[in-house]
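A look at the structure
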Amino acid sequence: MSGKYLLAIDQGTSSSRTVIYDHSTRVVASAQQEFPQHYPKPGWVEHDPEDIWRSVQAVTRDAMRAADVTAADITAIGITNQRETAVIWDRKSGQAVYNAIVWQDRRTAEYCDTLRARGVEQLVIAATGLRLDPYFSATKIAWILDNVDGIRARAEKHELAVGTIDTFLLWRLTGGSVHATDATNASRTMLFNIHSQQWDAELLELFDVPRSLLPDVRDCASDFGTTDDATLGGPVAIGGIAGDQQAALIGQAGFENGMTKSTYGTGCFVIANTGSTALPSSNKLLTIVASRFNGEVTYGLEGSVFVAGSAIQWLRDTLRIIDSAPQTQAIAEQTGIIADVHVVPAFAGLGAPYWDPHARGAILGLTRGSGREQIVTATLQAVAYQTRDLIDAMSDDGITPSVIRVDGGMVANDWFLQFLADILDIPVERPDNVESTVLGAAYLAAYQSKIIDSIKDVSDLWQREAVFEPAMSVDQREALLAGWAGAVARVRGST
Ligand code: ADP
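Residue numbers here run from 1 along each chain, matching the order of that chain's written sequence. It should be noted that, the model being predicted, local features are given only for residues of pLDDT at least 70 and side-chain atom pairs only at 80 or more, the latter also being counted only at that level, while totals for whole chains, interfaces and linings use all residues. Side-chain descriptors were evaluated using all non-hydrogen atoms of the structure, hydrogens and water having been removed beforehand.

1. What to know about the domain arrangement of the protein
These domain boundaries are the output of an automatic or database domain assignment. You can read the domains of the protein as domain 1 (5–244) and domain 2 (255–431 + 463–495). The gap between the C-alpha centroids of domain 1 and domain 2 is 28 Å. Contacts are residue-level and defined by heavy atoms, with any inter-residue pair within 4.5 Å sufficient. Counting from both sides, the interface comprises 20 residues of domain 1 and, opposite them, 18 residues of domain 2. The working definition used for a salt bridge is a side-chain nitrogen of Lys or Arg within 4 Å of a carboxyl oxygen of Asp or Glu. Summed over the shared surface of domain 1 and domain 2, the number is three salt bridges. Throughout this description, a polar contact denotes any pair of N or O atoms lying within 3.5 Å of each other; where both atoms belong to protein, one of them has to be capable of donating a hydrogen while the other can accept it, and for residues adjacent in sequence the pair is counted only when both atoms sit in side chains. Counting the contacts that link domain 1 with domain 2 gives 11 residue pairs in polar contact (both at pLDDT 80 or more). When residues of the side of domain 1 that touches domain 2 are traced back to their parent elements, those giving at least two are α7 (183–186) and β12 (216–218). Note on conventions: DSSP H or I runs of at least 4 residues are helices, E runs of at least 2 residues are strands, and numbering of each starts at the N terminus.

2. Examining the side chain of T377
By the secondary structure assignment, T377 is in helix α13 (residues 372–397). According to the relative accessible area criterion, T377 is buried, its value standing at 0%. Setting aside anything within four residues of it in sequence, one finds T377 in contact with I331, A332, T335, G336, I338 and W415. When accessible area is computed with a 1.4 Å probe and restricted to protein chains, residues below 20% of their type maximum are described as buried, those above 50% as exposed, and intermediate ones as partly exposed.

3. Let's talk about the packing of aromatic side chains
Aromatic pairing here means that ring centres of Phe, Tyr or Trp (its six-membered ring) are within 6.5 Å. Orientation follows from the plane angle: under 30 degrees is stacked, over 60 is edge-to-face, and everything else is tilted. For the structure shown, the criterion picks out 14 aromatic pairs. Between Y264 and F416, the ring centres sit 5.2 Å apart and the planes meet at 80 degrees, which makes this aromatic pair edge-to-face. Taken together, the residues span a long stretch of sequence, with Y264 in strand β14 (residues 260–264) and F416 in helix α14 (residues 414–424) at a distance of 152 residues. Accessibility classification places Y264 together with F416 in one group, the buried group. Among the aromatic residues, those joined into a ring-pair cluster are Y385, W415, F419 and W484. Lysine and arginine charges are scored as sitting over a ring when NZ or CZ, respectively, is within 6 Å of the ring centre and within 35 degrees of the ring normal. The ring of W143 has R107 lying over it, and the distance from NZ or CZ to the ring centre is 4.5 Å. Cation over ring: R131 sits above W355, and NZ or CZ is 4.3 Å from the ring centre.

4. A closer look at the site of the ligand
Nearness is defined per residue: one heavy atom within 4 Å of the molecule or strand is enough. Inspection of the region around the ligand gives 14 residues, with T266, G309, G409, M410 and N413 positioned closest. At 2.6 Å from an oxygen atom of the ligand is found a side-chain nitrogen or oxygen belonging to T266. A distance of 3.4 Å is found between a nitrogen atom of the ligand and a side-chain nitrogen or oxygen belonging to T328. For the shell around the ligand, the element with the highest residue contribution is helix α11 (residues 309–318), accounting for four residues. Per-class residue counts for the shell around the ligand are five nonpolar, nine polar and no charged. Each residue is assigned to one of three groups, with Ala, Val, Leu, Ile, Met, Phe, Trp, Tyr, Cys and Pro labelled nonpolar, Asp, Glu, Lys and Arg labelled charged, and all others, Gly among them, labelled polar.

5. Details of the side chain of T60
Among the structural elements, T60 can be located in helix α1 (residues 49–67). The exposure class assigned to T60 is buried, which follows from its relative accessible area of 5%. A polar atom in the side chain of T60 sits 2.7 Å from the backbone oxygen of V56.

6. Some thoughts on unusual backbone geometry
Cis peptide bonds are those with omega within 30 degrees of zero, and the linkage from A352 to P353 qualifies with 0 degrees. Of note, P353 is situated in the loop between β18 (342–344) and β19 (362–364). For Q197, which is not glycine, the phi dihedral falls at a positive 60 degrees. Mapped onto the secondary structure, Q197 falls in the loop between β10 (192–193) and β11 (198–199). Within the chain, A253 stands out as a residue other than glycine whose phi angle is a positive 55 degrees. For A253, the position within the fold is in the loop between α10 (244–251) and β14.

7. Focus on the environment of E256
Structurally, E256 is set in the loop between α10 and β14. Under the relative-accessibility criterion, E256 is labelled partly exposed at 41%. As for E256 and G275, which are separated by 19 residues in sequence, their C-alpha atoms are 6.7 Å apart. Aside from chain neighbours lying at most four places away, what touches E256 is N273 and K456.

8. Re the packing of α14 against helix α17 (residues 474–491)
Packing of α14 against α17 brings their axes to within 9 Å, and their N-to-C directions diverge by 95 degrees. Relative to α17, the element α14 lies roughly perpendicular. On α17, the residues that touch F419, D422 and I423 of α14 are R477, L480 and L481. Working convention: axes come from line fits to C-alpha atoms, limited for helices to the stretch in contact. Angles between N-to-C directions cover 0 to 180 degrees. Oblique is the label for any angle not covered by the other classes, which are roughly parallel (under 35 degrees), roughly antiparallel (over 145) and roughly perpendicular (65 to 115).

Written out as structure tokens, the structure is:
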């Protein structure tokens, strides 16, 4: 085995990051860079693929410089990425034919409505585990094919390639020699049949996407080719790919049926491992490929809260009642749990299990004595209540976590995690490394390059830094949850 290091690329929605680890997955160096967001029309969100590529190259070079390593010192590369965002490029020049359409982009909402009216939603759910929604890649790809001049004809002639961001990066890193993705990213395109693990012929026809445009789908740990010399200055094997939330589950060593992780960044994403069963949801959660190793699929149930850390940013940047996010902890510690004031941060509607796009945010229950402290504390509480809503939906679908592993920026807040444990009524575990997403990508590279014998060896590497045990009385919890349910009922459908 050559090299002493692993290199993990985390291509996120607002920034790109590269972390270099030693073979014990200790962080040696890292670099991060934001890149521009484009909002050409209301509801549209695009990234220039060249910005993405430039930022990935820059942070990779910076991290390698900081670690003082060359390509020869790196054993393998792992990639994790913002999911669903789709791009189409020219196979010869490697140039994108249009900007990447980002997962947040809603331009295909009407198209989705039209398809729904044709009664095809059940077909989509049954094959992909997803809901018929602009969020996923399929309608974004269809939009580019139908709206960029001459593109469909070029697609028919096999001149173009389609991919999510992992696939685009892989193409660029390998100098255009590999067109592939992994099963987790494929599972978020709405074109991939999660049961047969194949691109779904019926869906390709429905969305009018030629099969020849699509990448080869591989295991999360696979031979994804080697970098060309121009990229890192020498050949390095690319050994792993997973979408960001699935990579976080891997980073959290969530390999057993029932294991659950919740990532608290801008939004909050909960995934429960459901083993070899693709559990359908009656609560509008998503059935996903959590991972695929050696052809064996592990499924997951996923729910998300649109506004989590961004509610804290709202307190800081819009309401301007805090100076920094970490300050929320001291405020909540002094204030204590709030029962009468509720902040419902439904700024962009409510996600699972409500799925109410018309709901809007509200602060409820104010009295003359309510002020900044109550609003800040109630905002932290709201993120915990929303997690509880997701966990309840999962339980109703048949998977009840007995403990939850957390990561992401918000989990630095001990008060929030104690309240979360109290509200979920299960222990909340925080690992020593809360950067689970990029760590998950490094583990994939470690497994593929045989630094670890089995991906499950990650369980031995995972270390708990803190555990928050539920300590709240049943009566108090039920009263708080009833208060939250009342607040949610009051904001629903109130455009
Ligand atoms: P992303 O990857 O989505 O950019 P991060 O995982 O970096 O997000 O988390 C950043 C988010 O966490 C921000 O929205 C910030 O408001 C929130 N955050 C950071 N520190 C704290 C804290 N101590 N308490 C509460 N929220 C915090």
